[in-house]
Amino acid sequence: MKKVLTVLILVSTMTSFVCAAKPKYDREFILKLGFQPYSLYRDHNTNLGISGGFEYFQYLNNVFALGGGVAYDLPRKFKDKDVHGNTSFLPLFVAAKIRTPCFGLDNNYAFLSPKIGVSAPMFEGMGKISTNAGLYCGVGLGVSINVLVIEAVYATNNLTCNKDAKCSTITLYAGFKFE
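The shown structure was predicted, so the numbers you read here are calculated from the model rather than taken from an experiment.

Visitor: Quick one: what's the story with the overall build of the chain, residue by residue and with numbers?
Guide: A tally of helices and strands in the chain yields one helix and ten strands. The N-to-C order of helical and strand elements in the chain reads α-β-β-β-β-β-β-β-β-β-β. Residues counted as buried form 38% of the 179 residues belonging to the chain. Long-range pairs, those at least 24 residues apart, make up 60% of the contacts in the chain with a sequence separation of at least 6. A total of about 10000 Å² of accessible surface is found on the chain, and carbon and sulfur atoms cover 69% of it.

Visitor: Give a detailed account of the nonpolar core, specifying residues and quantitative values.
Guide: If you look at the biggest cluster of nonpolar residues, it comprises 14 residues, and the most contacted ones within it are Phe57, Tyr136 and Val153. Where this core is concerned, the elements lending two or more residues are strand 3 (49-59), strand 4 (64-77), strand 5 (86-99), strand 6 (108-124) and strand 9 (148-161). For this core, the element with the highest residue contribution is strand 9, accounting for three residues. Listed in part, the seven residues of the second largest apolar core include Tyr41, Phe89, Phe123 and Ala165.

Visitor: Hey, could you go over the pairing of strand 3 for me, with residue numbers and the actual values?
Guide: Relative to strand 3, strand 1 (residues 27-41) runs antiparallel, the two being bridged by ten bridges. Within the sheet, the bridge partner assigned to Leu31 lies in strand 3 and is Phe54. Judged from the nine bridges that link them, strand 3 and strand 4 form a sheet pairing that is antiparallel. Each residue of the ladder has a partner; that of Gly52, found in strand 4, is Tyr72. Adjacent in sequence and paired antiparallel, strand 3 and strand 4 are bridged by four residues.

Visitor: Account for the side chain of Ser119, with residues named and values stated.
Guide: Among the secondary structure elements, Ser119 is positioned in strand 6. Only 2.7 Å separates the side chain of Ser119 from the side chain of Asn157, close enough to count as a polar contact. When sequence neighbours within four positions are dropped, the list of residues in contact with Ser119 reads Phe89, Leu90, Pro91, Ala133, Gly134, Tyr136 and Asn157.

Visitor: Kindly report on the side chain of Thr171, identifying the contributing residues and their values.
Guide: Position of Thr171 among the secondary structure elements: in strand 10 (residues 163-178). Polar contacts involving the side chain of Thr171 include one to the side chain of Gln36, which spans 3.1 Å. Not counting the four nearest positions on each side in its chain, Thr171 is found in contact with Gly34, Phe35, Gln36, Ser51, Glu151, Ala152 and Val153.

Visitor: Give me the lowdown on unusual backbone geometry, citing residues and values where you can.
Guide: Residue Asn146 is not a glycine yet carries a positive backbone phi of 55°. Examined against the element boundaries, Asn146 turns out to sit in the loop between strand 8 (134-145) and strand 9.

Visitor: Pulling in residues and values, what's your account of the environment of Val153?
Guide: Relative to the assigned elements, Val153 resides in strand 9. On the basis of relative accessibility, which here comes to 5%, the residue Val153 falls in the buried class. For the pair Val153 and Tyr173, spaced 20 residues apart in sequence, the C-alpha separation works out to 7.8 Å. When residues no more than four places from it in sequence are discounted, the contact partners of Val153 are Lys115, Tyr136, Val139, Gly140, Thr169, Ile170, Thr171 and Tyr173.

Visitor: Explain the packing of aromatic side chains residue by residue, including any values.
Guide: Under the defined criterion, the tally for this structure stands at three aromatic pairs. Aromatic side chains Phe29 and Phe54 sit 5.7 Å apart centroid to centroid with 35° between the ring planes, which places their arrangement in the tilted category. Note that Phe29 is positioned in strand 1 and Phe54 in strand 3, a separation of 25 residues in sequence. Since its relative accessible area comes to 31%, Phe29 is described here as partly exposed.

The rules we used
Residues numbered from 1 in each chain as written. Predicted model: local features only at pLDDT ≥ 70, side-chain atom pairs only at ≥ 80, totals over all residues. Heavy atoms only, no water. Helix = DSSP H or I, 4+ residues; strand = E, 2+ residues; numbered from the N terminus. Buried < 20%, exposed > 50% of the residue type's maximum accessible area, 1.4 Å probe, protein only. Contact = heavy atoms within 4.5 Å. Areas by Shrake-Rupley, 256 points an atom, 1.4 Å probe, with all protein chains shown as cover. Core = buried A, V, L, I, M, F, W, Y, C linked by side-chain atoms within 4.5 Å. Pairing = 2+ DSSP bridges. Polar contact = N/O pair within 3.5 Å; in protein donor to acceptor, adjacent residues only side chain to side chain. Phe/Tyr/Trp six-rings, centres within 6.5 Å; stacked < 30°, edge-to-face > 60°.

Okay, here's the thing in structure tokens:
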């Protein structure tokens, strides 16, 4: 029993050193472009949207990175005929990245990326609307294969627009990673 316990402790210690080792490249810069098949502003759906952005991450070890980024949701029209105009958002956020551990997966891995920041709403053709920037919250789930990054992001853009409002989006991104 002592031998089995000793072997387990030894294996877990070695695994933690291997998985905690810094990756070959300890930072990433990602340029990405995506489309939004789902976007709901208050109770109104919008047409298909397009979004672009960039993110920068600095790895603290092989599993965890901190960084930030910015995205721009291009203006999109509302599907409802009684709502006129366009809406778009510009979120600026800090993010973390938690990726699959283990040595040797520097270029190919799955990841989870929570994001929080501030989002500036922009409206066109909707009359005089007083808006203030609000809290941006998002979470991304994706994979990185060499220089290609594919990510699905669910996000909410909170804003004050004559009264509090929220826009929820799902964005599917494809991008390139520079290390």
